[in-house]
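# Structural characterization, general
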Amino acid sequence: MQATTALLHWYDRNFRTLPWRTPPNPELSGAKPNPYHVWLSEIMLQQTTVATVKTYFIKFTDLWPRLENLAEAEEEEVLKAWAGLGYYSRARNLHRCAKIVLRDYNGRFPEEEHKLQQLPGIGPYTAAAISSIAFNQHAAVVDGNVERVISRLRAITDRLPGAKPVIKSHMAALTPHERPGDFAQAVMDLGATVCTPRSPACTICPWVDLCEGRKQGIHESLPRKAPKRVKPTRKGMAFVIAREDGAIALRRRPDKGLLAGMSEPPTSQWSEDMKQDDLGQAPVKADWSLAPSTVKHTFTHFHLELAVWHTQVDAAFPLPEGYWWSVPETLEGEALPTVMRKVLKTPLA
DNA sequence: AATGCGGGGAC
DNA sequence: GTCCCAGCATT
């Protein structure tokens, strides 16, 4: 197929080296992909940019060089290493998945898409990605890049996510039996570097002459998506309890919902009509002072503003059940999400 | 089919 | 500020 061959040639000429990647065309180079690396990178790359993932991927493979090492780690240690990367259910599913592959598959990932998709944290995209990239199986990979590239190439004007099956069938028709993994990565690379959401570089695109969307002059408006809804702003209070030696009182968040299983300094409820000076919301009685600045943070579906209250207590101060002291030397390594690190960095006066 | 779920970079 | 990113799980 003309389009397929042209893109594989483009991929070979423009190959980007990444920590989890093997050189293109494995049959020629002889380099075999590492399924553990492919899986780990694909989980990290879900809704997360390549630049952000790089350092975390290196940290994880340094801490746990093989799937077996990760499977035998404590979940708490995995959450600590994942802290800051976001979408924390990924970290817990990653750990669960490693345990299942070790126990049920003798530490080796299955090669078939449908078996991969049974594993926690692996959905349609990731199953196809692992199957094609790690095992050279003919699987059609559809991520955000593929949706954009293919909807433009074929001038698909139906709205996402409804148009996804059509996009997948076009992608399947284009995917070769020879180098399916390289082709999948080629389309994604094209979307990341040439066929970008805004101002695509059509003049250097290997598919410019085939692009139906460009012929119709509608390529920059594709893919079409449902309109976003506005994010409300919730408010709350964060409570920093500091001991004389600099230790901070932390607790673990619930196992479900936002920032599940992660650590935090105690906070009040977060709501749109929350008063930020109601010290009845504090977890302990103490002499509270208000920090001069507010922490602002945006989650997927709402903005958050936290007033930061702080207090200094002596070494004998009793903490509520489930809380612990984290001294300055251990604080950095705690499973603290970014919003909570902002709270702890807030100047107190 | 909708919704909940982080964080950062580009514009 | 908005948009998007190598999406998944749940309802």
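Residues numbered from 1 in each chain as written. Chains lettered and ligands numbered in written order. Predicted model: local features only at pLDDT ≥ 70, side-chain atom pairs only at ≥ 80, totals over all residues. Heavy atoms only, no water.

Along chain A, the regular secondary structure elements total 15 helices and 6 strands. Overall size of chain A, expressed as C-alpha extent along the three principal axes, is 75 × 50 × 30 Å. As presented, chain A carries roughly 17700 Å² of accessible surface, and 50% of it is formed by carbon and sulfur atoms. Charged side chains of chain A number 43 positive and 38 negative; the gap between the two group centres comes to 7 Å. (Helix = DSSP H or I, 4+ residues; strand = E, 2+ residues; numbered from the N terminus. Areas by Shrake-Rupley, 256 points an atom, 1.4 Å probe, with all protein chains shown as cover. Lys, Arg positive; Asp, Glu negative; His and termini not counted. Charge placed at Lys NZ, Arg CZ, Asp CG, Glu CD.)

The next subject is the protein's contact with DNA strand C. The environment of DNA strand C is made up of 26 residues, and the closest members are Gly-121, Thr-126, Asp-143, Asn-145 and Arg-148. In the model, a phosphate oxygen of DNA strand C is placed 3.0 Å from a nitrogen or oxygen of the Gln-47 main chain. In this structure, Arg-148 approaches DNA strand C through a side-chain N or O atom, which is 2.5 Å from a phosphate oxygen. Secondary-structure elements contributing two or more residues to the surface near DNA strand C are helix 9 (124–135) and helix 10 (144–153). Classifying every residue of the surface near DNA strand C gives 11 nonpolar, 9 polar and 6 charged. (Near = heavy atom within 4 Å. Polar contact = N/O pair within 3.5 Å; in protein donor to acceptor, adjacent residues only side chain to side chain. Nonpolar A, V, L, I, M, F, W, Y, C, P; charged D, E, K, R; others polar.)

So, about the nonpolar core. The biggest cluster of nonpolar side chains holds 91 residues, and the ones touching the most others in it are Trp-39 and Trp-207. When residues of this core are assigned to their parent elements, the largest contribution, 8 residues, is made by helix 9. Counting residues domain by domain, this core receives three or more from each of domain 1 (2–221) and domain 2 (233–345). Other than its neighbours up to four places away in sequence, Trp-207 contacts Ala-3, Leu-7, Val-149, Ile-150, Leu-153, Leu-174, Phe-183, Val-187 and Leu-190. Met-237, Phe-239, Ala-307 and Phe-317 belong to the second largest nonpolar core, which has 13 residues in total. (Core = buried A, V, L, I, M, F, W, Y, C linked by side-chain atoms within 4.5 Å. Buried < 20%, exposed > 50% of the residue type's maximum accessible area, 1.4 Å probe, protein only. Domains from an automatic or database assignment. Contact = heavy atoms within 4.5 Å.)

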